[in-house]
Amino acid sequence: MCSPEEVALLRLEEVFSATLARVNSLVLQPLLEAAPEPSDPWGRECLQQLHRSSQQLRKVTKESLHSLQERLRHPDSKGLESLLLLHSADCVLQVHLEYIEAYTSCVVVQAFQKAANRRSEYWRGQRKALRQLLAGMSSEGSVGTALVQALGQLLTHHVQQYVLLLLSLGDTVGEHHRTRELVVHAATIFVNLQSFMRQELDQAMATQALWHTLSSRLRDVLCTRTRRLLQDSQDMPMVVTPLRAERVLLFDDALVLLQGHNVHTFDLKLVWVEPGQDGCVFHLLTPEEDFSFCSKDPQGRVVWQWKVTQAVCQALRGKKDFPVLGAGLEPSEPPTSRCGAYTFRAEGRFCQATYEGEWYWGRPHGKGTLKWPDGQNHVGDFCQGLEHGFGIRLVPQAPEDKFDCYKCHWREGGMCGYGICEYSTSEVYKGYFLEGLRHGFGVLESAPQAPQPCRYTGHWERGQKSGYGVEEDSDRGERYIGMWQADQRLGPGVMVTQAGVCYQGTFQADKIVGPGILLSEDDSLYEGTFTRDLTLVGKGKVTFPNGFTLEGSFGSGAGRGLHTQGVLDTAALPPDPSSTCKRQLGLGVFPMESRWQGVYGPFWDFVRAGCPGDLQEALLGFHVQSSRELRKSQEHLCCERTHPEDHVGRMEDILEELLQHREPKALQQYLRKALSNSLHPLGKLLQTLMLTFQATYAGIGANKHLQGLAQEEVKQHAQELWAAYRGLLQVALQRKGQALEEDEDAETRDLQVHRLVLPLMLPSFYSELFTLYLLLHEREDSLYSQGIANLSLFPDTKLLEFLDVQKHLWPFKDLTLTSNQRYSLVRDKCFLSATECLQKMIHPAAAPRWTPGRSWRCWRGHMGKSRPPCHGCWARSTSCPWTTCCRCSSTWCHVPSELPLGAGCRRIQHLGAEIHLIRDMMDSTHTGGRYDFLLTALESCYEHIQKEDMGLHRLPSRWNSRELW
C-alpha cells in the first residue's frame, strides 16, 4: 500500500515537470534568441548552460515521476527502494547543483537583465503569462529582476517541498525498515541543499553588487562567470602590509589586493595561512611575497583567517563545498605541500619563468619544472625555492634546435656534485661541480670530428683547469701530463708525442720555459732548451745511445734541418743498456699522494658528512637517457634515470653489509664485490681511477719512460682504496655507537694493501701497465728470445751435460732407455709442462683474466714444491716438472733448467716484462723469503740467457747437426 506522502510526491513531480517545460519555452528559449552584445561575453554562455541544466533537471524529474507511477501501480512488487529519489539521491542532487551553478552564474553576470532589455517588447507582451507562471513576479519592477527572483524561487520552493515530504515519509517508515536509511539519506541531502542554495545565491548577489562598485577596467580584469565574492574589506576592514592595499577582495579562487590602478591577484592554490596566530594579525605566504593582515579587532581577524583558510581548501579540492563553505567532509586545514603553477614576476634568475610542480610553504619544493620564455627549461628537484638535487637543464643556443644540456646535481640553486654536460659545440664534460662551476675532478672532451679535437682529464677549480691534469691534443699528436693553473699549463710537466718523443720540464703561461729533458724513441737524451714543438734550440747536451755526447748550441732554419755548433765526444764507453732504457720521467716531480686529489676529494667529503643517503647519487653519478634524443624531441620532462638504490641499495644497507664482512676471507669477498660494482662508493672510486690511468698511459701515453710513474700510481691507488674502505668502516661503526680500533701501523697497512686490495684492483690497470713494461723491457726480451732460439737448436741432454748437472738430478732415471726415448721423455713430460705453465702466464687468451698475481701463484705452485736448497743446489721433487739446477754461481744459481730449454720455449714472449712486473708489485713481506728466492732464481736465468751465448763455441766437436731435434 502506498502512503499519502508518495502520492503527494507524485503530484509534486508532475507540477514541477510541467512548470519546467513552460519555463523553457516561455523564458529560457526567448532569452537565448536575443542577440548578444559584443560587450557581454559571458551572458549567452551562462544562459546556454542554464538551458542545458534545465533540460537535464526536467529529464531527471520525469524519471522520478515514472518511478513513482510504477510504485503506485504495483505497490506489492515495487518497494520504496525503487523510487529514483531514494536509490539515486546523489545523482538527483548533482543535477540540482548543476542547475544552481548555472542560475547563479547568470545572476553574477546579469544575464537576465541584459537579455530582457534586448527584447523589451516581447517581455511586455508576455507579462501576464509570466505572472501566471512565476508567482513571485510583480507588476512593478524590471523584467530582469523579476526573472532573477522567480527562477530562483521555482527551484527553492520545489526543494522545500521535497524536504517536507521526505521527512514525513521517514516518519511513516519504521526504524528497522530496510528502506529507512535511504529515506533519511535523501532527506538529509535536500536539507543540506537548501542551505547550499541560500549560500550560493547570497554569494552571487554579493558578487553582482561588487561589479557595480568597480571601474570598467577592473571589472574586465576580475569578472568571470564562475568567480564568487567571499569577503570584502569594505564590509570588514583589513589592512595589508607591506603592500598598503586600499581594498582586499577574497574570491573563491583568488585573493585580490587593489592599490590604485594596480591589481595584485594571488591564486588561492598557492596561498598559505600561517597557523597558531592570535590578536588582530595573521600572515599569508605567497610564492614571491609575504603579507601581514591586520584587522580592527580579534573577531575580524578570526573571520578573515577562517574564510581565507576555507577558500584555500576549496580551491585545492577544485569544487565547491557542500553543504556550505567550510562544512565539507574534507579537513578544514589546507595541506602545506601541494602542486601548482606560477609565473615569477620579480627580478632575478626566475624572472618570467613559469614553475609547475610541488610547493611547500610558498616555495618550490620537490619535483618540478621551470620554463623561461627564451626556451630554457629545468626539470628536477627543488628545495626551499631553489634547485636542489638532481636536475636537467636545457639552455638554447644561438642556432635553432641547439641546446646545452646539463644533467647534474644541484645545491641551493647551483650545480654541485657529479654532472654530465653536453654542449651545443659537441663538447662533453663529465665530472664534479661547485656553485655552478666545474670544480674537482672532471673530463672535458671534444667530438672526434671537431676542428681541434682534445681531451682534458684532471682537476678543476672555479671553472678553470687547475692542479694536476692530463690533456691530449689529437690534432698535434701529443699528451701533456702535469700541473695547471687558470686554464694554462703552469709548473712541472711531461709532454709525450705520438712519435715517441717525450719531454720533462717547466711550463709557464702554456709555454715551455727554461731547461728540460728530452728523450727520443731510440733513448737519445737531450738536456737543454727547446721550443714548444720540441725543436732543439739554444745551449744543450745530447747523449746518444752509443755513449757519444754532443754539447754546444743548437738551432734550426727553414728547410735546413738542425744546426749545431759544439763539441762531439766519441771517447765515452757505451752506457749500460739497462740504465739507458730505464730513464724515467715524472718521478719525484709529481708527489704520488697529490696527483688525483680531485678524485678522492668528493669521496672523503661524503665520508666526513657521515655517508648521507641524499648525497649518495651526487657521489656515485646517475644514468639518464641520451641527451641527444632529448635535444631532438625536447621532451626533457620524460627524462628517466635509475636511482643508485635500484642497484646497490641504500647507504644504510651498504654499511650494514660492510660490518658483516670483517673477517679476512669474508672481507676479501666483500671487497671483490664492492670494487666490481661501479655504483658502490669503492667501485665508483676504482672506476674513476681506471679512467685517469687510461687517460694518462693509454694511446700516446704508452711510453716506456712513464713506466715508473705508472707503477707508483698503481701502488698509491691501492693504499688510497684501503684507506677509503677504512673510512666507510669508521662511519658504519659510528652509526652503531662504536669506535674504530686504533690506527694501523705502516707495516699492518702495507700488509693489508698487498694481500687484499692490490690483487683485486690490479686487473683493472693491468692492460695499460703491462704495455709499459713490454715497451721498457723490449730489448731485454728480444735478447732473451734470441738466446732461446739458439739454445733450442741443441738436445736437452747435451745441454745438461754442458751445464754440468749431475745425472742423478736429471729428470729421468731409467738409463736403459734409448737416447731418443730419453729425449722424448724430457720433451713431452718435463719441458712441455713447464712451457705450458709459462704460456698461461704470458697469454691471457690461454687463461681468461690472467694477471701477474695469477702468474705468481702459478710459479709458486710449480717452484714451491721444491725442497729448500742443499749445498747450493735444488733437489728435484718427483711430482714437480721443474728440474734442479746445477752448479752454484755468483752470477746465476738455483735456476730451473727447463726455462731456457725445449722447443716450446720459443713461444714464450715478454717473459722479462712479466718478471719485472711481478717483482715490482710483490709484497714487501716476501723479501728475503722463499718466494723472493724462487723469483730471484728465475731472474738469474733470464739475465744469464740475455748476456751469454751459452758458450756455444765451447761445445764439443763431437756434437753435430744430426743429433739436433
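To start, this report covers the structure provided alongside it. The model shown is predicted, which means the values in this text are computed figures rather than measured ones. (Residues numbered from 1 in each chain as written. Predicted model: local features only at pLDDT ≥ 70, side-chain atom pairs only at ≥ 80, totals over all residues. Heavy atoms only, no water.)

What follows concerns the pairing of strand β3 (residues 247-251). The side chains of a regular strand alternate, first on one face of the sheet and then on the other. For β3, a buried count of five out of five residues is recorded, marking the element as mostly surrounded by other parts of the structure. In β3, alternate side chains face the same way, and those of R247, L249 and F251 on one face and V248 and L250 on the other are all buried. The pairing of strand β1 (residues 229-232) with β3 spans three bridges and is antiparallel. Bridging across to β3, Q231 finds its partner in L250. Here β3 folds back onto strand β4 (residues 254-259) in antiparallel fashion, the turn holding two residues. (Buried < 20%, exposed > 50% of the residue type's maximum accessible area, 1.4 Å probe, protein only. Helix = DSSP H or I, 4+ residues; strand = E, 2+ residues; numbered from the N terminus. Pairing = 2+ DSSP bridges.)

This part covers the packing of helix α19 (residues 681-697) against helix α21 (residues 746-776). The N-to-C vectors of α19 and α21 enclose an angle of 5°; their axes lie 10 Å apart at closest approach. What the angle tells us is that α19 and α21 run roughly parallel. Residues L686, L689, M690, F693, Q694 and Y697 of α19 form the contact with α21, whose participating residues are M761, S764, F765, E768, L769 and L772. Considered class by class, the residues forming the contact of α19 with α21 number nine nonpolar, two polar and one charged. (Axes fitted to C-alpha atoms, helices over the stretch in contact; angles between N-to-C directions. Parallel < 35°, antiparallel > 145°, perpendicular 65-115°, else oblique. Contact = heavy atoms within 4.5 Å. Nonpolar A, V, L, I, M, F, W, Y, C, P; charged D, E, K, R; others polar.)

With that out of the way, let us pick up helix α17 (residues 651-659). Note: α-helices contain 3.6 residues per turn, so residues at a spacing of three or four share the same orientation. Taken as a whole, α17 has its buried residues at M651, I654, L655, L658 and L659. On an axial view of α17, the arc spanned by its buried residues comes to 135°, and they lie on one face. (Arc of directions from axis to C-beta.)

Turning our eyes to something else, we now look at the sheet that holds strand β5 (residues 262-267). The antiparallel open sheet is built from four strands, whose spatial order is β1-β3-β4-β5. In this open sheet, the two edge strands, each paired with only one partner strand, are β1 and β5. When strand polarity is set aside, the average angle formed by the axes of neighbouring strands in this sheet is 20°. As paired elements, β3 and β4 share four bridges and run antiparallel to each other. The residue of β4 that forms the bridge with L250 is L255.

The next thing to look at is the packing of aromatic side chains. Within this structure, the stated rule accounts for 34 aromatic pairs. Taking the centre distance of 5.1 Å and the plane angle of 35° together, the rings of W722 and Y725 count as tilted. Note that W722 and Y725 are positioned in helix α20 (residues 707-735) at a spacing of three residues, about one turn of the helix. Each member of the pair, W722 as well as Y725, is classed as buried. Between Y784 and Y942 the ring centres are 5.0 Å apart and the planes differ by 40°, which places this aromatic pair in the tilted class. Pair noted here: Y784 is in helix α22 (residues 778-791) and Y942 is in helix α27 (residues 930-947), with a separation of 158 residues, a long-range link. Members of the aromatic cluster, joined through ring pairs, are Y429, F433, Y456, W460, Y480, W484, Y503, F507, Y526, F530 and F554. Positioned above the aromatic ring of F251 is the side chain of R227, whose terminal nitrogen or guanidinium carbon lies 5.2 Å from the ring centre. One Lys or Arg, R338, reaches over the ring of W272 and ends 4.1 Å from the middle of that ring. (Phe/Tyr/Trp six-rings, centres within 6.5 Å; stacked < 30°, edge-to-face > 60°. Lys NZ or Arg CZ within 6 Å of the ring centre and 35° of its normal.)

Below, the discussion takes up the packing of α19 against α20. Two numbers describe how α19 lies on α20: the axes approach to 11 Å, and their chain directions differ by 165°. By the angle class used here, α19 and α20 are roughly antiparallel. For α19 against α20, the interelement crossing comes out right-handed. Residue-level contacts link P681, L682, L685, L686, L689, F693 and Y697 of α19 to L709, A710, E713, V714, H717, L721, A724, Y725 and L728 of α20. (Left-handed = near helix turned anticlockwise from the far one by under 90°.)

Now for the pattern of salt bridges. Inspection of every chain in the model, using the stated rule, returns 30 salt bridges. A salt bridge links E387 to R349, with the shortest nitrogen-to-oxygen separation between them at 3.0 Å. Here E387, found in strand β13 (residues 386-396), pairs with R349, found in the loop between β9 (337-343) and β10 (354-360); they are 38 residues apart in sequence, far enough to count as distant. The closest approach of N and O atoms between K673 and E657, which form a salt bridge, is 3.2 Å. In this pair, K673 sits in helix α18 (residues 664-675) while E657 sits in helix α17, placing the two residues 16 residues apart along the sequence. Given the relative accessible area of 24%, E657 is considered partly exposed. (Salt bridge = Lys/Arg side-chain N within 4 Å of Asp/Glu carboxyl O.)

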